[in-house]
Amino acid sequence: MQNVSYQQFLEQQQLQQQFVQVQMDLQQAQSQVETQMNAQQRRIVEIQGRLQQCIQQMDMLIQTSQNQPSPSSPLNVM
């Protein structure tokens with residue numbers, strides 16, 4: 001009878017260690033996901049900035065082309 005309860009005690013300690021390990025693994029995985037997510041977010045912001053620059057350059061190009069007399073006839077303008 002004592003042997004069984006001692007064995008149960010050992011199993012409970014093993015199970016507790018497994019719970020602790022699983023919890024640590026989960027926290028590590030969550031931390032990795034957050035790190036990757038933050039990196040992707042920074043990348044998205046950087047790409048958005050580049051996109052804004054392209055849009056501004058295109059706007060400036062359109063404005064300068066509208067201010068200059070066009071060599072083509074008005075019929076060819078879309």
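Now for a quick tour of the structure.

Definitions and cut-offs
Residues numbered from 1 in each chain as written. Predicted model: local features only at pLDDT ≥ 70, side-chain atom pairs only at ≥ 80, totals over all residues. Heavy atoms only, no water. Helix = DSSP H or I, 4+ residues; strand = E, 2+ residues; numbered from the N terminus. Buried < 20%, exposed > 50% of the residue type's maximum accessible area, 1.4 Å probe, protein only. Areas by Shrake-Rupley, 256 points an atom, 1.4 Å probe, with all protein chains shown as cover. Salt bridge = Lys/Arg side-chain N within 4 Å of Asp/Glu carboxyl O.

A word on the overall build of the chain
Turning to step 1, where the next piece is worked out: When helices and strands are tallied, the chain shows one helix and zero strands.
Turning to step 2, where the next piece is worked out: Per-residue burial over the chain gives 0% buried out of 78 residues.
Turning to step 3, where the next piece is worked out: About 8000 Å² of surface is accessible on the chain, with carbon and sulfur atoms providing 56% of the total.

So, the pattern of salt bridges
Turning to step 1, where the next piece is worked out: One pass over the structure, following the stated rule, counts one salt bridge.
Turning to step 2, where the next piece is worked out: Arg-50 is the salt-bridge partner of Glu-46, the closest N and O atoms lying 3.4 Å from each other. Separated by four residues within a single helix, Glu-46 and Arg-50 lie in helix 1 (residues 2-67), roughly one turn from each other.
Turning to step 3, where the next piece is worked out: The exposure class of Glu-46 is partly exposed, given its relative accessible area of 40%.
Turning to step 4, where the next piece is worked out: Looking at Arg-50, the relative accessible area reads 48%, which means it is partly exposed.

Read these as geometric descriptors, not functional statements.
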